[in-house]
Each structure stands twice: as C-alpha cells, then as structure tokens.
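# Coordinates in review
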Amino acid sequence: MPVKSQKRNFIIAGNWKMNPDSLADAKTIFAAISRKARSARHTVVVLAPPAPFLSAGASRSGRAGTAACLAIQDVSEHVSGAFTGSVSARQARSAGAEYAIIGHSERRKAGDTDMIVSQKVRQALDAGLRTIVCVGETERDPHAHYLRTVREQILAVVGALDKKQVRSLTHSLIVAYEPVWAVGKSYDTAPKPSDIHEMSIYIKKVIAESLGKKIGIKIPVLYGGSVDLENSKAILKDGGIDGLLVGRQSLDSKDFGGMIDYADSL
Ligand code: 13P
C-alpha cells in the first residue's frame, strides 16, 4: 500500500452476502461507508455487495483515503459462455470490482471444491482482480488436524497458479482466515487474538514453503467470523493480521465505520 508511515496499513473488507434487499438501501450504506473510507489515511476499505448492486457502488481506486473499493463475492470458474446465472471475473471487473472473494465457506458448502476454488482464483487474477481467498476449518479438533485442512486449501490455490500469476501475487492475493465454526455466530464465538495470530503465521509459512519466503511474508492475511466493533479492536491490535473480512456488521455503517476508524488509528 502506498502511504508511507509507521502506522499499520489494514484492509477492512465487508461481505454483504445476500443483503440488503433493495438498491436504495445499498446506496445508503455505500454513501455512509465511502465517507468513512475517504477520511481513512492508512486503511483500505473494501465492500462486497451482491453483484446487481456493484455498479451503484462508487469505487475509485485501491488506495487508502479514497472511496471504498468494490469486490465481487464470487466468480465463475469459466471465462465466458453458456453458464446461466453465473458472473464472470471479467464482467465483475468491468462493472467496477477491484477485488474478488473466492472460496467463501458458504460457496464451498454449495459445492465449490478446492479444485473449483483454484480455477476461480485463476479467473479472478487473470481479470485483474485482487483476490481474497477464504480458508478455514469446520471444527478445531484437539489433534490439530484443522491445520492440515487449511494447508490443503491454500496449497490447492497456490499450486495451480502459473508463473505470471505468481510474479504478481504479492499485490494480487490476500488470504482470509474464516473458521467455519465462527462464521455467523454470536460475537463471543470469535477465536482469541492469540489463536488468530498463530493461524496467520501458519498461513504465511505454508505460502512461504510453497512459493518462497519473500512472497509468504508479503501476502496479507485477514480474519473473518463473528467480528463486531467490540472484538475487532483486540483482533486488529493483537491478532497479527492485516485486516478483517466482516459479515453482518459490515451492513451497519456505524459499527463498520468504527472498525475503520480504529484500524486507521493503529
Ligand atoms: P459474520 O461476520 O456475519 O460472522 O460473517 C463473516 C463472513 O462470512 C465474512 O465473509
């Protein structure tokens, strides 16, 4: 990120999922959050509305201190063609998205395998979208097999990239750690900052082992899963992460705005 300072540069991303119901409501939230995003000095704000609302969002650039950037919540694994109901990465890019969320647990539950996720990531990268790949275990077992799940999800993605994609990866790939057991739950379900920190180190290590230390260190890792304004502070401060991927609370412009302010103050 371009701002030079001692401050930490966070990415605060909001995944609206299948909300809100109307374009009018979407515009109201866009306006409120974009105001916040413009006043942020070090924090990049990303909003992932439902695809039909993309072009109503005012995305200007991927820098801190500008309007919120837009993300598509999913893309097709195909370039184009007879795939009714699907949205291609190129279409999303042309409608104003600069980011894509791929491999969200709700998409994986609907049938996206590691293989499909890796194909979607390639489509997104080829279309010039910064790609937020979601990984996370469904449960934390006492034998730490969950680490293997996360490792396999990451390796499926990075192992399928071609040389050109790998070369631009430090700019274009972001990993979101979203433990499935903490998504959409009560806000005290989110893991402790120390557990998130541990996982963030692990994710960077897995990437480093596959693609080299230089890349592993630079790939931003976000945390998502039952984040609210209250728990976001300790997670941002002590979670060893580069930002948040927020679900429900990203539709509440006051609380989401509070997270942007706090991230920007660190
Ligand atoms: P919640 O913040 O509603 O738990 O959702 C998290 C999420 O899935 C973000 O992608």
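Higher on the page you've got the structure.
A short tour of the structure in this document, coming up. (Residues numbered from 1 in each chain as written. Predicted model: local features only at pLDDT ≥ 70, side-chain atom pairs only at ≥ 80, totals over all residues. Heavy atoms only, no water.)

### Section: helix α1 (residues 23–39)
Working note: α-helix, 3.6 residues per turn, so residues spaced by three or four point in the same direction. We apply this condition: The secondary structure listing takes helices from DSSP runs of H or I that are at least 4 residues long and strands from runs of E that are at least 2 residues long, numbered from the N terminus. The length a helix should cover is 1.5 Å for every residue beyond the first. Whether two residues touch is decided by their heavy atoms; if any such pair falls within 4.5 Å, the residues are in contact.
Here α1 is 17 residues long and its end C-alpha atoms lie 25 Å apart, about the 24 Å a rise of 1.5 Å per residue gives. On its buried face, α1 is in contact with β2 (44–48), β3 (69–72) and α11 (253–265).

### Here we look at the pattern of salt bridges
Heads up, the condition is: A pair is scored as a salt bridge if a Lys or Arg side-chain nitrogen falls within 4 Å of a carboxyl oxygen belonging to Asp or Glu. The cut-offs for exposure are 20% and 50% of the maximum accessible area for each residue type, with area from a 1.4 Å probe on protein chains only; residues under the lower value are buried, those over the upper are exposed, and the others partly exposed.
One pass over the full model with this rule turns up twelve salt bridges. Put simply, K120 and D74 hold a salt bridge, and the shortest N to O gap is 3.1 Å. Taken as a pair, K120 in helix α4 (residues 114–126) and D74 in the loop between β3 and α2 (89–94) lie far apart in primary sequence, 46 residues in all. Residue classification places D74 among the buried residues on the basis of a relative accessible area of 19%. D114 is paired through a salt bridge with R108; the nearest N and O atoms lie 2.8 Å apart. Residue class for R108 comes out buried when judged on its relative accessible area of 17%. Through salt bridges with shared partners, a single ionic network connects D74, R107, D112 and K120.

### Description of the site of the ligand
Short version of the rule: In these notes, residues near a molecule or strand are those with any non-hydrogen atom within 4 Å of it. Pairs of N or O atoms are called polar contacts if they sit within 3.5 Å, as long as, within protein, a hydrogen donor faces a hydrogen acceptor (for residues adjacent in sequence, only side-chain-to-side-chain pairs). Areas reported here follow the Shrake-Rupley algorithm with a probe of radius 1.4 Å; residue values treat only the protein chains shown as occluding. We call Asp, Glu, Lys and Arg charged. Ala, Val, Leu, Ile, Met, Phe, Trp, Tyr, Cys and Pro are nonpolar, and the rest, Gly among them, are polar.
In the vicinity of the ligand, the contacting residues are N15, K17, H104, E178, V183, G184, G225, S226, V227, L245, G247 and R248. Taking H104, its side chain carries an N or O atom lying 2.7 Å from an oxygen atom of the ligand. One of the backbone nitrogen or oxygen atoms of S226 is found 2.8 Å away from an oxygen atom of the ligand. Within the complex, 99% of the 310 Å² of free accessible area of the ligand lies under protein. Across the shell around the ligand, the residue classes break down as three nonpolar, six polar and three charged.

### Structural notes on α11
For α11, built from 13 residues, the straight-helix expectation of 18 Å at 1.5 Å per residue is met to within 8% by its first-to-last C-alpha distance of 18 Å. For α11, the complete set of buried residues consists of F256, G257, G258, M259, I260, Y262, A263 and D264. Here the buried face of α11 lies against β1 (11–15), α1, β2, α10 (229–238) and β8 (243–246). Two or three places before K254, at the start of α11, stands the capping residue D252, its side-chain oxygen 3.0 Å from that residue's backbone nitrogen.

### Thoughts on the packing of helix α5 (residues 146–158) against helix α8 (residues 193–211)
Counted only if it meets this: Lines are fitted to the C-alpha atoms to define the axes, a helix being fitted only along its stretch in contact, and any angle between axes, read from their N-to-C directions, falls within 0 to 180 degrees. Between 65 and 115 degrees an angle is taken as roughly perpendicular, under 35 as roughly parallel, over 145 as roughly antiparallel, and anywhere else as oblique. Each crossing gets its hand from how the near helix is turned against the far one by less than a right angle, where anticlockwise is left-handed and clockwise is right-handed.
Relative orientation of the contacting elements α5 and α8 amounts to 40°, with a least axis distance of 10 Å. It follows that α5 is oblique to α8 by the angle criterion. Handedness of the crossing formed by α5 with α8: right-handed. Residues Y146, L147, R148, V150, R151, I154, L155 and V158 of α5 touch α8, and the partners they reach there are M199, Y202, I203, V206, I207, E209, S210 and L211.

### Some remarks on the sheet that holds β3
Short version of the rule: Any two strands are treated as partners once DSSP identifies two or more bridges connecting them.
One closed barrel holds the eight strands; their spatial order is β1-β2-β3-β4-β5-β6-β7-β8, and the pairing between them is parallel. Recorded for the sheet is a direction-independent mean angle of 25° between the axes of neighbouring strands.

### Brief notes about the nonpolar core
As a reminder, the rule being used: Among buried residues, the Ala, Val, Leu, Ile, Met, Phe, Trp, Tyr and Cys ones that are joined through side-chain atoms within 4.5 Å form a nonpolar core.
Formed by 64 residues in total, the largest nonpolar core has its most connected members in V121, L129, I203, Y223, L244 and F256. Sort the elements by how many residues they give to this core and α8 lands first, with six residues. Beyond its immediate chain neighbours, meaning those up to four positions away, F256 contacts I12, A13, G14, I33, V45, V46, L47, V246, Q249 and S250.

### Let's talk about the layout of surface pockets
Filter applied, for reference: For each structure, a 1 Å grid was placed over the protein atoms alone; sets of points admitting a 1.4 Å probe that cannot get out are labelled cavities, open sets with protein on both sides within 12 Å along at least five of seven lines are labelled pockets, and lining residues have an atom within 4 Å of a point. Grid points are joined across faces, edges and corners, and a volume is the space filled by probe spheres set on the points.
Quantified by volume, the second largest pocket comes out at close to 440 Å³. Every residue lining the second largest pocket is counted, 19 residues in all, and those nearest its centre are K17, M18, Q73, D74 and R107. Tallied by class, the residues present in the lining of the second largest pocket amount to seven nonpolar, six polar and six charged.

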